[in-house]
Amino acid sequence: MHIDLSGKTALVTGSTAGIGHAIAKGLAATGANVVVNGRSQGKVDQAIAAVKKAAKGGTITGVAADVSTAEGCASLVQVQPDVDILINNTGIFEPKGFFDIPDEDWQRFFDVNVMSGVRLSRAYMPAMLKRNWGRIVFIASESALMIPKEMIHYGMTKTAQLSVSRGLAELTRGTAVTVNAVMPGPTMSEGVQTFVADLARQNGQSEEEAAANFVKQHRPGSLIQRFATVEEIANMVVYVSSKEAAVTNGAALRAEGGLVQTIA
Ligand code: NAD
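Starting afresh in each chain, residues are numbered from 1 along the sequence in its written order. Local features in this predicted model are restricted to residues whose pLDDT is 70 or higher, and side-chain atom pairs enter the listing and the counts only when it is 80 or higher, whereas totals over whole chains, interfaces and linings include all residues. As a rule here, side-chain values come from all non-hydrogen atoms in the structure, and water together with hydrogens is ignored.

Peer 1: Sorry, what's going on with helix α5 (residues 152-170) here?
Peer 2: Note: α-helices contain 3.6 residues per turn, so residues at a spacing of three or four share the same orientation. Helical segments are the DSSP runs of H or I of at least four residues, strand segments are the runs of E of at least two, and each set is numbered from the N terminus. Expected span of a helix: the number of residues minus one, times 1.5 Å. In a regular helix each residue adds 1.5 Å, so 19 residues correspond to 27 Å; α5 covers 28 Å between its end C-alpha atoms and thus fits that length. In this scheme, a residue with accessible area under 20% of its type's maximum is buried, one over 50% is exposed, and one in between is partly exposed, where area comes from a 1.4 Å probe on protein chains only. Of all the residues in α5, the buried ones are H153, Y154, G155, T157, K158, A160, Q161, L162, S165, L168 and A169. Contacts are residue-level and defined by heavy atoms, with any inter-residue pair within 4.5 Å sufficient. At its buried positions, α5 is contacted by β4 (85-88), α4 (103-131), β5 (134-139), β6 (177-184) and β7 (252-255).

Here it is in structure tokens:
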């Protein structure tokens, strides 16, 4: 299978680092025009330069905007009024016991992880339906199904994304637009590297030991028994964004190393 998205424009939110950055590179390698996004212009410029190296003829641009706010989303849409492929990737996570999570954290997690995708889908999906082609992908998490007791607020946002994603797919009936969610498992993104480095420092371990222990202790059901690479997650997202994935719609696709112990 050769995935060719030349002529299509893809926006990847939160793509200056981590999984989003790998997705931006993966889409650029299919010939797509890619729009990267992050909050600071400096990081966006660096990301554009890096993604350009992977590009196969498409244009690579970027918009600095905070997609956790209505104003940020509006300013992004103003600069980039139309896209064929929307990857709702931006997301934050932080382990915190339920009894220590204040209201503000619940609201912030909801704004960053859920409302960003809601607002951008509302802005971009009508033109996709009108053109009769489009792809929306929500980067959820296995935490949508296996709610982590150390960050219930995060799990809540990831389950909410599955709900929004499936609901939007219902609006595509009879069109060539698809809306899906991808559920990564533990993935060695920049955000997670920081988290693992902190764990290593706290426990007097090397980062490799801390990562291996994390999987054993907190994700014992993982069949791969390791963190995924950001590229391994991006591969699934590029596929589901492709023309070849035309009959995958309304799905929550697992890329979690088998840690969700169900058959379907
Ligand atoms: P990361 O922290 O490494 O990168 C997140 C990116 O989003 C960064 O570029 C950051 O600058 C950007 N960002 C953060 N807030 C933003 C905002 N308000 N506006 C615009 N950009 C913003 O994160 P990651 O680990 O790559 O996670 C990406 C997505 O994958 C998230 O939705 C996360 O929940 C999901 N996920 C990650 C893992 C994992 O283990 N890494 C597992 C499952 C799901």
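Peer 1: Even after reading the chapter, I still don't get the nonpolar core, so can you show me in this structure?
Peer 2: As a rule of thumb, nonpolar side chains are buried together in soluble globular proteins. Working definition of a nonpolar core: buried Ala, Val, Leu, Ile, Met, Phe, Trp, Tyr and Cys residues. They are joined through side-chain atoms within 4.5 Å. Within the largest apolar cluster, 33 residues are counted, with the highest numbers of intra-cluster contacts made by I23, L27, V34, V36, I87, V182 and V237. Contributing elements (two or more residues each) for this core: β1 (9-12), α1 (18-28), β2 (33-38), α2 (41-54), β4, β5, α8 (230-241) and β7. The residues touching V237, leaving out its near neighbours within four places in the chain, are I23, I87, V137, I139 and V182.

Peer 1: Would you mind showing me how to read the site of the ligand here?
Peer 2: Neighbouring residues of the ligand: 29 residues in total, closest T16, D66, N89, Y154 and S189. Distance and chemistry together define a polar contact, namely a pair of N or O atoms within 3.5 Å, with one atom able to donate a hydrogen and the other to accept it when in protein, and with adjacent residues in sequence counting only for side-chain atoms on both sides. Backbone polar atom of I19 to an oxygen atom of the ligand: 2.8 Å apart, as the coordinates give it. Within the backbone of N89, a nitrogen or oxygen atom sits 2.7 Å from an oxygen atom of the ligand. Notes on the ligand: free accessible area 830 Å², of which the protein chains cover 91%. Elements that contribute at least two residues to the shell around the ligand include exactly α1, β2, α5 and α6 (190-203). Here a residue is considered near a molecule or strand provided that any single heavy atom belonging to it is located within 4 Å of it. The protein chains shown are the only cover counted for residues, whose accessible areas, like all others here, come from Shrake-Rupley with a 1.4 Å probe.

Peer 1: It is not clear to me how α8 should be interpreted in this structure. Could you clarify?
Peer 2: In a regular helix each residue adds 1.5 Å, so 12 residues correspond to 16 Å; α8 covers 16 Å between its end C-alpha atoms and thus fits that length. For α8, every residue scored as buried is listed here: V230, I233, A234, V237, V238, V240 and S241. Summarising the axial view, the buried residues of α8 lie within an arc of 165 degrees, below the 170-degree limit, and thus occupy one face. To be clear, the arc concerns the directions from the helix axis to the C-beta atoms.

Peer 1: Help me out: how do you make sense of the packing of aromatic side chains in this one?
Peer 2: Pairs of aromatic rings are described using the distance from one ring centre to the other and the angle between the two planes. Stacked, edge-to-face and tilted are the three classes for Phe, Tyr and Trp ring pairs, Trp counted by its six-membered ring, which pair at centre distances within 6.5 Å; planes under 30 degrees apart are stacked, over 60 edge-to-face, the rest tilted. Going through the model one piece at a time under the given rule, you end up with five aromatic pairs. Consider the rings of F98 and W106, whose centres lie 6.2 Å apart with planes at 80 degrees: the pair is edge-to-face. Clustering of aromatic rings is evident, with ring pairs tying together F98, F99 and W106. Placement of a positive charge over a ring is assigned whenever Lys NZ or Arg CZ falls within 6 Å of the ring centre and within 35 degrees of the normal to the ring plane. When the ring centre of W133 is taken as origin, the NZ or CZ atom of K8, which lies over that ring, is 4.1 Å away.

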